[in-house]
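Listed below, chain by chain, are the residues.
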Amino acid sequence: MKQLICIITIVTGLLSFRAGAQEQIHLFPDRTFCVSGDTVWFSAVISGNGTDNTNNIIHIQLDDLRSNHITKVSVASDKNSGSGYLLVPDSLSTGIYALKAFSNVQKKNPSAVFFTRLLVVYNRFDENISEFNIPDIDLPEKNSDEGISIAATPHSGKSKTVEVDVNVEKSLRSEALEMIVTARLFDPFADQFTKAIESRPDPSMQNAYMPVRENNGILISGRIVQNQTETPVKNTPVFLSIADTLPYFDYCVSDEQGRFYFYVRNAVGKGDIVIQEVSKQARENRIELLGNYIETEGISTTRQILTLAQNTFASDLVKAAYFSRIYKGYRSLPADSFSISKDFQYPFYGPPTFTFYPELFIDLPNFQEISREILNGVQYREKKDEVSIRLLNRGNRSIFNSEPLKLMDGIPIFDPKLLSKLNTQTIEKIDAVYFKRYFGDISFDGVLAVYSKNPTLGWVESVPELNIFKYTFIQPALTPTLHNQSPQSKNIPDFRTVFYREHRTELADPINFRFERSDIKGDFLIEVIAVCKDKRIVKTRKVIHLD
Amino acid sequence: MQKRLKTIVTCLLIFAGVQIHAQITIQGFTLTTEANSTKYKLPGKQFYPLYVPSGSEFMDDKWQLGYVILENKDRYDSLRLKFNTYKNEVICLHNRSMSMIELDKNVIKEFGFYSVIDNLMSFQKLQRKDDPEDSHYFKMLYDGKLKIVILYQTIEKKVPAYRDKLGFMRNTSFEMRTDYYLIFPGNDFEKFKLKRTPFLNLFGVKKKEVRKVLRQNQIRLFHERDFIRAIGVIEKELY
């Protein structure tokens, strides 16, 4: 009997340890409210993964309370801690929204826990905000944890300066890894919802696809279906290409459900990706990308009418956003830059046997002339409107029997006629590989890569098999420039809602700082969050009421 | 007439099909989801073996099971590999198409063979300080601040004329050479022979100290393993 108890205890212990070892992501936005069009900055901490840092990509999505997805960003964390920003769409309706953070591996885990943070959004065109659908769950006022005390002293008179002293107990100071300090406007309505809501994945999500540990990389997934019948197209090769100075290329074979995936590493920003199905039926099928969102159950809501104070605050905030745009204009953050760092010296087709620079030669009007005069080893034939290209095989000193892999600015093309009109003025360089090349399980009878002087992908739309998508990869690292800055000119009103935000990893020094309040009247709040070595979160907040 | 037309149409259709697939050749096997991977795909070019009448262009003529680690740290295991010591390239047998692929050296960081006695034989791509463009695969014997590596090189050597198995007269033979290198901090390659005096001479002004360290640790330099042990001790005491 004793033995049985022992075994049960050990098994229970092991199970609880396993459950405890589950990865969790804590999200700390810099505010609980915003006006549509604002930028919400956030910090995120991965806990429960021990010393494993092989999964450093955190996805943050903004959903409505019914779990409809609105927008999403992905950030790369360093030592389990990351930060970024989320642009709240300008047209988003007034309401309460949910910020959810997750990693790709959590999608396969039906018992994963997500901590949802609520964000109250006031639409900037709403003149009278009087009621909200609020979550129908118990959200008690968050009590401050022990170990941190905050003392704030607003300067007297007209000064808007506030001095803050944060006292962290010695025991916590030694345990804490990092601290996030925020000073912002207090919203009498939104600050009811500061507590994180625990949610679990929707059962329909359990058939998660490709749970890869994303380490400085993003998993792109999609599916191929027949246009007419919507039937998944299985076992068909799909190519992904990204035009760049060193073009990116990968392939995947669609599974039973027509799904395919590509794991793209070190791609930062928003860039164009080209996906094509390589089959005779490509024109009959459609390629669509699957959104990388976490599916959780919606939150039930109940109607609540705002109090006068809450209503006044909301109206003031909307007006402030309106005047802020008049005085400062709209500053969008750089979202469309794109870069992909290279792990290797050469493109996927290896070192070129020859690189030709046509501009060094006399002007030639078309590709046929270029191949004749410049490209030795390239056989270009035009016969009765049909074009064929063959390359020299240096491996066995012969001519390849089939077409080489042709790339136009890094995008594989199957129709040689696309090259026909190119002339010496439009071509930057031509890489030719006179060997049979292998890339994983596929091979090419030589490679002919043409790079144009103005590499735009406008031509891609004229080729029906090529599908171009704008894809958002890892968010470029930016520091919030609007925080901790008082207005540059005293003649311009200051409409900041977040006055101070600091991410500290050096915790030996005492924490005291000062910040300038903005011109928006109201109480303000100071919040200190400590992330401990054991990934415990210690949180303290203090609301300063002003007369 | 109709039969002929059908044949022509069929031929044309097949031809069109071949045209579109001509760029990607998948030889003798069906490309399935097995080909999918989140790793960087192994790149290389078709390998054509040389006709070698005497000797071999490989370190071992038999295919050996091994691994490859790419520059981006992706690892491939259970590959059938051969080390071509004539070209200093790794040759991989593509299991499904049975093609021989010369793997791109610029992509590979390390490769190795699992030997029968679980003793890993690993080769790392290293670049000499004096010639950073030219990288070679070296067998790693000791990897620390100091390194002992071996460069296996097969050369075509002139030999007295003989008749090969096809009956042709030949005067060359492929022979593999083994060169030991000691790599000092700063990527300083020094070639040495497995002999005590030339080995001690590599340390220049530290020669006396090295000799003392070896004496204190009772290391006699006869075999390869003695030199490896000696470097471990020298590194610990003097570097």
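Scroll up a little and you will see the structure.
Not measured: the values here are computed from a predicted model.

1. As for the overall build of chain B
Logical step 1: Each helix and strand counted, chain B has four helices and 11 strands in total.
Logical step 2: Expressed as a percentage of the 239 residues in chain B, the buried residues total 44%.
Logical step 3: In chain B, the share of contacts with a sequence separation of at least 24, taken over all contacts with a separation of at least 6, comes to 52%.
Logical step 4: As displayed, chain B has an accessible area near 13900 Å², and 52% of this comes from carbon and sulfur atoms.

2. Digging into empty space enclosed by the protein
Logical step 1: Per the stated rule, a full pass over the model turns up three cavities of 30 Å³ or more.
Logical step 2: One number sums up the size of the largest cavity: a volume of about 300 Å³.
Logical step 3: Tyr248(A), Lys342(A), Asp343(A), Phe344(A) and Tyr40(B) are, among the 21 residues lining the largest cavity, the residues nearest its centre.
Logical step 4: Of all the secondary-structure elements, those providing two or more residues to the lining of the largest cavity are β16 (248-253) and β17 (259-265) of chain A.
Logical step 5: Looking at the lining of the largest cavity, the element that brings in the most residues is β16(A), giving three residues.
Logical step 6: Taken together, the residues of the lining of the largest cavity sort by class into 12 nonpolar, three polar and six charged.
Logical step 7: Approximately 120 Å³ is the volume found for the second largest cavity.

3. Some points on the packing of aromatic side chains
All names here are of chain A.
Logical step 1: In the structure shown here, the tally under the stated rule is 47 aromatic pairs over all chains.
Logical step 2: Measuring from centroid to centroid gives 5.9 Å for Tyr 122 and Phe 132, while their planes differ by 85 degrees, and the two rings are edge-to-face. Highlighted residues: Tyr 122 in strand β8 (residues 114-122) and Phe 132 in strand β9 (residues 131-135), separated in sequence by 10 residues. Like Tyr 122, the residue Phe 132 is buried in the burial classification.

4. Regarding the sheet that holds strand β32 (residues 511-516) of chain A
Residue and element names in this part refer to chain A.
Logical step 1: The antiparallel open sheet is built from three strands, whose spatial order is β10-β11-β32. Every interior strand has two partners, whereas the edge strands, β10 (148-154) and β32, have only one. Pairwise comparison of adjacent strand axes, ignoring direction, gives a mean angle of 20 degrees for this sheet.
Logical step 2: As judged from the six bridges shared by strand β11 (residues 161-168) and β32, these two strands associate in the antiparallel manner. When the sheet's bridge partners are listed, Val 162 is paired in β32 with Phe 515.

5. Some remarks on helix α3 (residues 308-328) of chain A
Residue and element names in this part refer to chain A.
Logical step 1: Its 21 residues give α3 an end-to-end C-alpha distance of 29 Å, which sits within 8% of 30 Å, the value for a rise of 1.5 Å per residue.
Logical step 2: When we look at burial in α3, the residues that qualify are Gln 310, Asn 311, Phe 313, Ala 314, Ser 315, Leu 317, Val 318, Ala 320 and Ala 321.
Logical step 3: Positive phi appears at Gly 329, one or two residues downstream of α3, with a value of about 80 degrees.

6. Focus on the pairing of β17(A)
Along a regular strand, successive side chains alternate from one face of the sheet to the other.
All names here are of chain A.
Logical step 1: When you tally the buried positions in β17, you get seven out of seven residues, the bulk of the element.
Logical step 2: Burial of the side chains of β17 extends over both faces: Arg 259, Tyr 261, Tyr 263 and Arg 265 are buried on one face and Phe 260, Phe 262 and Val 264 on the other.
Logical step 3: Across seven bridges, strand β14 (residues 217-226) lies against β17 in antiparallel orientation. Across the sheet, the residue bridging to Ile 220 is Phe 262, located in β17.

7. Looking at the pattern of salt bridges
Logical step 1: One pass over the structure, following the stated rule, counts 41 salt bridges over all chains.
Logical step 2: Close ionic contact of Lys125(B) with Glu71(B) constitutes a salt bridge, the shortest N to O distance being 2.9 Å. Taken together, the positions of Lys125(B) in strand β7 (residues 120-128) and Glu71(B) in the loop between β2 (64-70) and β3 (75-84) put the pair 54 residues apart, joining distant regions of the chain.
Logical step 3: In this structure, the salt-bridge partner of Arg177(B) is Asp179(B), at a minimum N-O distance of 3.4 Å.
Logical step 4: Looking at Arg177(B), the relative accessible area reads 37%, which means it is partly exposed.
Logical step 5: Each member of the salt-bridge network shares a partner with another, and the members are Arg223(A), Glu230(A), Arg286(A) and Glu288(A).

8. Thoughts on unusual backbone geometry
Most peptide bonds are trans, and most residues other than glycine sit at a negative phi.
Logical step 1: For Asn266(A), which is not glycine, the phi dihedral falls at a positive 55 degrees.
Logical step 2: Following the sequence through the fold, Asn266(A) ends up in the loop between β17 and β18 (267-277).
Logical step 3: With a phi angle near 55 degrees, Asn88(B) is a residue other than glycine that sits in the positive phi range.
Logical step 4: With respect to the secondary-structure elements, Asn88(B) resides in the loop between β3 and β4 (89-94).
Logical step 5: Under the relative-accessibility criterion, Asn88(B) is labelled buried at 4%.

9. Let's talk about the interface of chain A and chain B
Put simply, an interface is often sized by how much accessible area is lost when its parts join up.
Logical step 1: Contact residues are listed per partner, giving 47 residues for chain A and 37 residues for chain B.
Logical step 2: A combined buried area of about 3700 Å² lies between chain A and chain B, and 56% of that area is made up of carbon and sulfur atoms.
Logical step 3: Interface area lost by chain A to chain B is led by Phe344(A), Tyr438(A) and Asp441(A), which between them contribute 22%.
Logical step 4: Linking chain A with chain B are four salt bridges, by the criterion used here.
Logical step 5: Between Arg265(A) and Asp74(B) there is a salt bridge, with its nearest N and O atoms 2.6 Å apart.

10. Structural notes on the side chain of Thr424(A)
Residues and elements named next belong to chain A.
Logical step 1: Considering the arrangement of structural elements, one finds Thr 424 in the loop between α5 (417-420) and β28 (427-439).
Logical step 2: One polar contact links the side chain of Thr 424 to the main-chain amide nitrogen of Leu 364, over a distance of 2.9 Å.
Logical step 3: Setting aside anything within four residues of it in sequence, one finds Thr 424 in contact with Pro 358, Glu 359, Ile 362, Asp 363, Leu 364, Ile 370, Ile 374 and Lys 453.

11. Details of the pairing of β10(A)
Residue and element names in this part refer to chain A.
Logical step 1: With seven bridges connecting them, β10 and β11 associate as antiparallel partners. Following the sheet pairing, Pro 154 is matched in β11 by Val 162.
Logical step 2: Between β10 and β11, which follow one another and run antiparallel, lie six residues, and Gly 157 among them has a positive phi close to 75 degrees.

12. Considering the sheet that holds strand β24 (residues 386-393) of chain A
Residues and elements named next belong to chain A.
Logical step 1: On the basis of which strands lie adjacent, the open sheet formed by three strands has the order β23-β24-β25 and antiparallel pairing. One side of each edge strand has no neighbouring strand; the edge strands of this open sheet are β23 (378-383) and β25 (398-399).
Logical step 2: Here β24 pairs with β25 via two bridges, running antiparallel. In the strand pairing of β25, Leu 392 is matched with Ile 399.

13. Remarks on a positive patch on the surface
Residue and element names in this part refer to chain B.
Logical step 1: There is a patch of like positive charges on the surface, built from Arg 196, Lys 208, Arg 211, Lys 212 and Arg 215.
Logical step 2: Examining the composition of the positive patch, we find that four residues originate from one element, helix α3 (residues 207-216), more than from any other.
Logical step 3: Relative to the helices and strands, Arg 196 is located in helix α2 (residues 196-201).
Logical step 4: Relative accessible area serves as the criterion here: at 35%, Arg 196 is assigned to the partly exposed category.

Calculation rules
Residues numbered from 1 in each chain as written. Chains lettered and ligands numbered in written order. Predicted model: local features only at pLDDT ≥ 70, side-chain atom pairs only at ≥ 80, totals over all residues. Heavy atoms only, no water. Helix = DSSP H or I, 4+ residues; strand = E, 2+ residues; numbered from the N terminus. Buried < 20%, exposed > 50% of the residue type's maximum accessible area, 1.4 Å probe, protein only. Contact = heavy atoms within 4.5 Å. Areas by Shrake-Rupley, 256 points an atom, 1.4 Å probe, with all protein chains shown as cover. 1 Å grid on protein atoms, 1.4 Å probe; cavity = no way out; pocket = protein on both sides within 12 Å on 5 of 7 lines; lining within 4 Å. Points joined across faces, edges and corners; volume = space filled by probe spheres on them. Nonpolar A, V, L, I, M, F, W, Y, C, P; charged D, E, K, R; others polar. Phe/Tyr/Trp six-rings, centres within 6.5 Å; stacked < 30°, edge-to-face > 60°. Pairing = 2+ DSSP bridges. Axes fitted to C-alpha atoms, helices over the stretch in contact; angles between N-to-C directions. Expected span 1.5 Å × (residues − 1). Salt bridge = Lys/Arg side-chain N within 4 Å of Asp/Glu carboxyl O. Buried area = accessible area lost by both parts, 1.4 Å probe. Polar contact = N/O pair within 3.5 Å; in protein donor to acceptor, adjacent residues only side chain to side chain. Patch = residues over 30% accessible without salt bridge, like charges linked within 9 Å, V, L, I, M, F, W, Y side chains within 5 Å. Lys, Arg positive; Asp, Glu negative; His and termini not counted. Charge placed at Lys NZ, Arg CZ, Asp CG, Glu CD.

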